[in-house]
Amino acid sequence: RIISLKEESKTIIEAGSIYEDEGTQENDTGDGDLSSKIEVVSTVNTDKVGEYTVTYTVSDSLGNEAVEVNRVVKVVDTTAPVITLAGSADKTVEAKSVYIDEGATAIDSLDGVLVVTSVSTVNTDVVGSYTVTYSVSDASGNAAETVIRTVIVVDTTPPVITLVGEAIVTVEVGSDYEDQGTVANDSVDGDLTSKVKVTGKVDVQKVGEYQLKYNVE
């Protein structure tokens, strides 16, 4: 009596999948086909990478045992984890603000939830385009497809001009008027006082109300 394996004696399957054994067949000179009486002992665990065995045994009606046959089942993990961004893939933040990344999550078919590694080039002190790159690998070394978030740092906050002295000044006609000027500061560019432009004119020889306007870019 000989037990014959159906398909190959060594099978490779993906971790997390369902293993369906191909089975065997056995013929005995006296009892004929004994395939339905074959006993199968399987150690296969598709939730864990490794090599497992499926053992087949059978005896005929006289108690004669066939030679034991084994099938080797190799469980492998070739499926990479998947990274999912939290929030949008494109972010716009104001210069000089604090950028708090929303992060990302990763799920692996075998290892479950994984901790994602991120590398950020974001510098909110300088206007420009930056990236946050997310990556992760599972326990079998399968690397997820890299995910990138683009962070655009913009400067939409205008500088602030502050008058030195009072906003309304009274001077005697014929006297000298020396404007005290202004101070200008920008959240990104810093001190812009030297770039302040003044429009308007004061004629101290003529009674009247005059206006000076200060502007900076």
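As the structure is a prediction and not an experimental result, all values here were calculated from the model. (Residues numbered from 1 in each chain as written. Predicted model: local features only at pLDDT ≥ 70, side-chain atom pairs only at ≥ 80, totals over all residues. Heavy atoms only, no water.)

Some thoughts on the overall build of the protein chain
For step 1, the next point in the chain: A tally of regular secondary structure across the protein chain gives zero helices and 19 strands.
For step 2, the next point in the chain: At 40 Å, the protein chain has a C-alpha radius of gyration far larger than the 17 Å of a compact globule built from 217 residues.
For step 3, the next point in the chain: Overall, the protein chain is about 135 × 20 × 20 Å in size when its C-alpha atoms are taken along their principal axes.
For step 4, the next point in the chain: Nonlocal contacts in the protein chain, meaning residues at least 24 apart in sequence, comprise 53% of its contacts between residues at least 6 apart.
For step 5, the next point in the chain: Roughly 14100 Å² of accessible area belongs to the protein chain as shown, and the carbon and sulfur atoms make up 49% of that amount.
For step 6, the next point in the chain: Of the side-chain charges in the protein chain, 15 are positive and 38 negative, and the distance between the mean point of each set is 5 Å. (Helix = DSSP H or I, 4+ residues; strand = E, 2+ residues; numbered from the N terminus. Rg over C-alpha atoms; globule rule 2.2 N^0.38 Å. Contact = heavy atoms within 4.5 Å. Areas by Shrake-Rupley, 256 points an atom, 1.4 Å probe, with all protein chains shown as cover. Lys, Arg positive; Asp, Glu negative; His and termini not counted. Charge placed at Lys NZ, Arg CZ, Asp CG, Glu CD.)

Let's talk about the sheet that holds strand 7 (residues 69-76)
For step 1, the next point in the chain: Read from one edge of the open sheet, four strands run 2-7-6-5, paired in mixed fashion. Only two strands of the sheet have a single partner each, and these edge strands are strand 2 (10-14) and strand 5 (39-42). For this sheet the average axis-to-axis angle between neighbouring strands, irrespective of direction, equals 20 degrees.
For step 2, the next point in the chain: Relative to strand 6 (residues 50-57), strand 5 runs antiparallel, the two sharing four bridges. Bridge pairing links glutamate 39 to threonine 57 in strand 6. (Pairing = 2+ DSSP bridges. Axes fitted to C-alpha atoms, helices over the stretch in contact; angles between N-to-C directions.)

Thoughts on the nonpolar core
For step 1, the next point in the chain: Core analysis: the largest hydrophobic core is formed by 16 residues, its most contacted members being Ile83, Ala106, Tyr134 and Val136.
For step 2, the next point in the chain: For this core, the elements supplying multiple residues, two or more each, are strand 10 (104-108), strand 13 (128-135) and strand 14 (147-154).
For step 3, the next point in the chain: With residues up to four places along the chain from it excluded, the contact list for alanine 106 reads Val82, Ile83, Gly112, Val113, Leu114, Val116 and Val136.
For step 4, the next point in the chain: If you look at the next biggest cluster of nonpolar residues, it comprises 12 residues, including Ala15, Val54, Val58 and Val69. (Core = buried A, V, L, I, M, F, W, Y, C linked by side-chain atoms within 4.5 Å. Buried < 20%, exposed > 50% of the residue type's maximum accessible area, 1.4 Å probe, protein only.)

Here we look at the side chain of aspartate 77
For step 1, the next point in the chain: Summarising the element assignment, aspartate 77 is placed in the loop between strand 7 and strand 8 (82-85).
For step 2, the next point in the chain: In this structure aspartate 77 is buried but unpaired, with lysine 74 as the nearest side chain of opposite charge at 13 Å.
For step 3, the next point in the chain: Within the local environment of aspartate 77, its side chain forms a polar contact with the backbone nitrogen of threonine 79, the two atoms lying 3.3 Å apart.
For step 4, the next point in the chain: Apart from the residues lying within four places of it in its own chain, the contact partners of aspartate 77 are Glu14, Ala15, Val49, Asp108, Leu110, Asp138, Ser140 and Asn142. (Salt bridge = Lys/Arg side-chain N within 4 Å of Asp/Glu carboxyl O. Polar contact = N/O pair within 3.5 Å; in protein donor to acceptor, adjacent residues only side chain to side chain.)

As for the sheet that holds strand 10
For step 1, the next point in the chain: An order of 8-10-11 is seen for the three strands of this open sheet, with the pairing classed as antiparallel. With partners counted over all chains shown, the strands left at the sheet margins are strand 8 and strand 11 (112-114), one partner each. Looking at each pair of strands side by side, their axes are set apart by 30 degrees on average, direction ignored.
For step 2, the next point in the chain: In this structure, strand 8 lies alongside strand 10, joined through four bridges in antiparallel fashion. Residue pairing for strand 10: valine 82 is matched across the bridge by isoleucine 107.

Looking at the side chain of threonine 55
For step 1, the next point in the chain: Looking at the element boundaries, threonine 55 is found in strand 6.
For step 2, the next point in the chain: For threonine 55, a relative accessible area of 16% corresponds to the buried category.
For step 3, the next point in the chain: Not counting chain neighbours up to four residues away, the residues in contact with threonine 55 comprise Glu39, Val40, Val41, Glu68, Val69 and Asn70.

So, the pairing of strand 7
For step 1, the next point in the chain: Sheet topology places strand 2 next to strand 7; five bridges connect them, and they run parallel. By the bridge assignment for strand 7, lysine 10 is matched with valine 72.
For step 2, the next point in the chain: Across seven bridges, the pairing between strand 6 and strand 7 is antiparallel. Among the inter-strand pairings, glycine 50 is bridged to a residue of strand 7, identified as valine 75.

Digging into the environment of leucine 212
For step 1, the next point in the chain: Looking at the element boundaries, leucine 212 is found in the loop between strand 18 (197-199) and strand 19 (213-215).
For step 2, the next point in the chain: Remark: the alpha-carbon pair of leucine 212 and glycine 200, spanning 12 residues in sequence, is separated by 4.7 Å.
For step 3, the next point in the chain: In this structure leucine 212 touches Tyr177, Asp179, Val198, Thr199, Gly200, Lys201 and Val202, once residues within four positions along its chain are discounted.

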